[in-house]
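Now for the letters of each chain:
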Amino acid sequence: MVRRIVLTGGPGSGKTSVLEKINQIYTSEGYKVIVVPETATELMNNGITFKDDSVSLLDFQELVMRLQLAKEEVVDRAIQLSNS
């Protein structure tokens with residue numbers, strides 16, 4: 001069974017630290033842990049941002065959602081392939 005843990009929070013709120021601890025705990029218990037990178041930061045680090053009016057905030061949120069869903073679909077498919 002696939003379980004998902006979703007972490008949200010602002011910059012500097014400890015998401016990365018919590019993620020590292022979750023990864024450590026579950027891996028030590030024999031679970032396979034797959035981490036999907038944070039999508040908004042991924043877009044902003046590659047020049048797609050609402051802060052400099054590159055796109056509107058609403059459009060940016062749509063892009064984040066589309067990319068996040070696409071990444072999750074790829075990960076789901078990889079899990080299916082590894083279990084077959």
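Scroll up a little and you will see the structure.
In this text, all values refer to a predicted model and were calculated from it rather than measured experimentally.

Draft legend 1. Expanded view of the overall build of the chain. Scanning the chain for helices and strands turns up 3 helices and 0 strands. Along the chain direction, N to C, the helices and strands of the chain fall in the order α-α-α. Over its C-alpha trace the chain gives a radius of gyration of 15 Å, far above what one expects of a compact globule, namely 12 Å for 84 residues. By principal-axis analysis of the C-alpha atoms, the chain measures approximately 45 × 30 × 15 Å. Buried positions account for 12% of the 84 residues belonging to the chain. Charge centroids of the chain, computed over 9 positive and 11 negative side chains, lie 8 Å from each other.

Draft legend 2. Summary view of helix H3 (residues 57-82). Here H3 is 26 residues long and its end C-alpha atoms lie 37 Å apart, about the 38 Å a rise of 1.5 Å per residue gives. Those residues of H3 that sit buried are Phe60, Val64, Lys71, Val75 and Ile79. Residues of H3 that are buried make contact with helix H2 (39-45).

Draft legend 3. Region of the structure containing the environment of Lys51. Here Lys51 is to be found in the loop between H2 and H3. Owing to a relative accessible area of 65%, Lys51 belongs among the exposed residues under this scheme. Between the alpha carbons of Lys51 and Leu19 there is a distance of 27 Å; along the sequence they are 32 residues apart.

Draft legend 4. Structural detail: the pattern of salt bridges. Enumeration according to the criterion identifies 4 salt bridges in this entry. Where Arg66 meets Glu62, a salt bridge forms, and the shortest distance between an N and an O atom there is 2.8 Å. Within this pair, Arg66 and its partner Glu62 are both found in helix H3, separated by 4 residues, close to a single helical turn. Among the residues examined, Arg66 registers a relative accessible area of 54% and is labelled exposed. Take Glu62: its relative accessible area is 34%, and that puts it in the partly exposed class. Taken together, the salt bridges that share partners define one network made up of Arg4, Glu72 and Asp76.

Draft legend 5. Quick look at the side chain of Thr39. Mapped onto the elements, Thr39 comes out in helix H2. Classification of Thr39 as buried rests on a relative accessible area of 2%. Once residues within four sequence positions are removed from consideration, Thr39 is found in contact with Val64, Leu67, Gln68 and Lys71.

Conventions and cut-offs
Residues numbered from 1 in each chain as written. Predicted model: local features only at pLDDT ≥ 70, side-chain atom pairs only at ≥ 80, totals over all residues. Heavy atoms only, no water. Helix = DSSP H or I, 4+ residues; strand = E, 2+ residues; numbered from the N terminus. Rg over C-alpha atoms; globule rule 2.2 N^0.38 Å. Buried < 20%, exposed > 50% of the residue type's maximum accessible area, 1.4 Å probe, protein only. Lys, Arg positive; Asp, Glu negative; His and termini not counted. Charge placed at Lys NZ, Arg CZ, Asp CG, Glu CD. Expected span 1.5 Å × (residues − 1). Contact = heavy atoms within 4.5 Å. Salt bridge = Lys/Arg side-chain N within 4 Å of Asp/Glu carboxyl O.

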